[in-house]
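Each chain, written out:
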Amino acid sequence: MRLANVSGRAAIVVDDGTIDLATATDGAFGPDLTEVIARIDDLRELAPSIEGPVEPHDPSRLGPPSPNPGQIIAIGMNYRAHAEEMGLELPSIPAAFAKFRSALGGPFGSIVLPSDDVDYEVEMVLIIGRRTEGVTVENAWSFVAGITAGQDLSERTVQMAAGRQFSLGKSYPGFASIGPWMSTIDEFADPDDVGLGCAVDGVTIQDARSSDMAFPVPELLVALTKVITLEPGDVLFTGSPAGVGMSFHPPRYLKPGQELDTWIESVGTMRHHLVAAPGR
Ligand code: ZN
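Residues numbered from 1 in each chain as written. Predicted model: local features only at pLDDT ≥ 70, side-chain atom pairs only at ≥ 80, totals over all residues. Heavy atoms only, no water.

### Thoughts on the pattern of salt bridges
Selection criterion: Take a side-chain nitrogen of Lys or Arg and a carboxyl oxygen of Asp or Glu: if they are within 4 Å of each other, that pair is a salt bridge. Here a strand is any run of E in DSSP of at least two residues, a helix any run of H or I of at least four, and the numbering for each starts at the N terminus. Burial status follows relative accessibility: with a 1.4 Å probe on protein chains alone, a residue under 20% of its type maximum counts as buried, one over 50% as exposed, and anything between as partly exposed.
Taken as a whole, this structure holds 15 salt bridges when the rule is applied. Residue Glu265 is joined to Arg209 by a salt bridge in which the shortest nitrogen-to-oxygen separation is 3.1 Å. Within this pair, whereas Glu265 is found in the loop between strand 18 (259–264) and strand 19 (268–276), its partner Arg209 is found in strand 16 (residues 203–209), the two being separated by 56 residues in sequence. Residue classification places Glu265 among the partly exposed residues on the basis of a relative accessible area of 37%. The partner of Asp261 in a salt bridge is Arg271, and the shortest N-O contact between them spans 2.7 Å. On the criterion of sequence distance, the pair formed by Asp261 in strand 18 and Arg271 in strand 19 is long-range, its members being 10 residues apart. Among the residues examined, Arg271 registers a relative accessible area of 42% and is labelled partly exposed. Connected via shared salt-bridge partners are Lys99, Asp119, Glu121, Asp152, Arg156 and Lys170.

As structure tokens, then:
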């Protein structure tokens, strides 16, 4: 099942468009997408029987597939090939940081580049489906409502300043863009081995599989939830594969006027138009 945020309302994604969930279920589910995410298992049982008017796809109406996460958490240095390109050792435990809530963005539209030092990072993003109590490696995926694509954008100068402040450098508006919708875990042949990538102006710049993660999703969730409790709708960026702009000499950062495509297998592709900050 694929679940979208269409103009702020929960919708089921079908081949040629979307079905408004509250309309199709007489209000049994939706329109509040966060509430639907918290009841994802019930909805998945009902989903095959849901019928309703199909609205054609309209990218301009799609919002982030978790519209109001209480927390946005991200993991640094979680792909072997990315650690290699950065010349850094893999950490012995997951390296976690927060992205601030105002950075959340949808799958289409413009993102302002505040400087010449903005970098891209395609990531597998998890949307949490239930409160994380008693997470083990064996049951970890059952806490995840779905997977979506994410761009963990970074302003590298701010990120590396003041002894490194990842959270601030990665939290300009739109720097936590997710979408185009979420796919439930049963949509994936193996959720621990999913292809993901991104392209600038049609040229692929990152292309990897999540099986290269140093800490696979179950291990990440076990480690994180020893400290924090995740709730339905919380968003977890699981780390960038190799190919980030900072790994090149000189760095290949994003430029105004470029189109940034970001995809994950069995979900779909986001497209963002990058624009200069006013006055730059
Ligand atoms: Zn990242």
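### Points about the pairing of strand 1 (residues 2–6)
Condition: Any two strands are treated as partners once DSSP identifies two or more bridges connecting them.
Within strand 1, 4 of the 5 residues are buried, which leaves the element mostly enclosed by the surrounding structure. One ladder, built from 2 bridges, connects strand 1 with strand 14 (residues 176–183); its direction is antiparallel. From the neighbouring strand, Arg2 faces strand 14, where its bridge partner is Ser183. Both strand 1 and strand 2 (residues 9–14) contribute to a ladder of 4 bridges, which runs antiparallel. Bridging from a neighbouring strand, Asn5 pairs with Ala10 of strand 2. Connecting strand 1 to the next strand, strand 2, in antiparallel fashion are 2 residues, including Ser7 with a positive phi near 50°. Bridge analysis of strand 1 against strand 5 (residues 62–63) gives 2 bridges, and the strand direction is antiparallel. By the bridge assignment, Val6 is partnered in strand 5 with Leu62.

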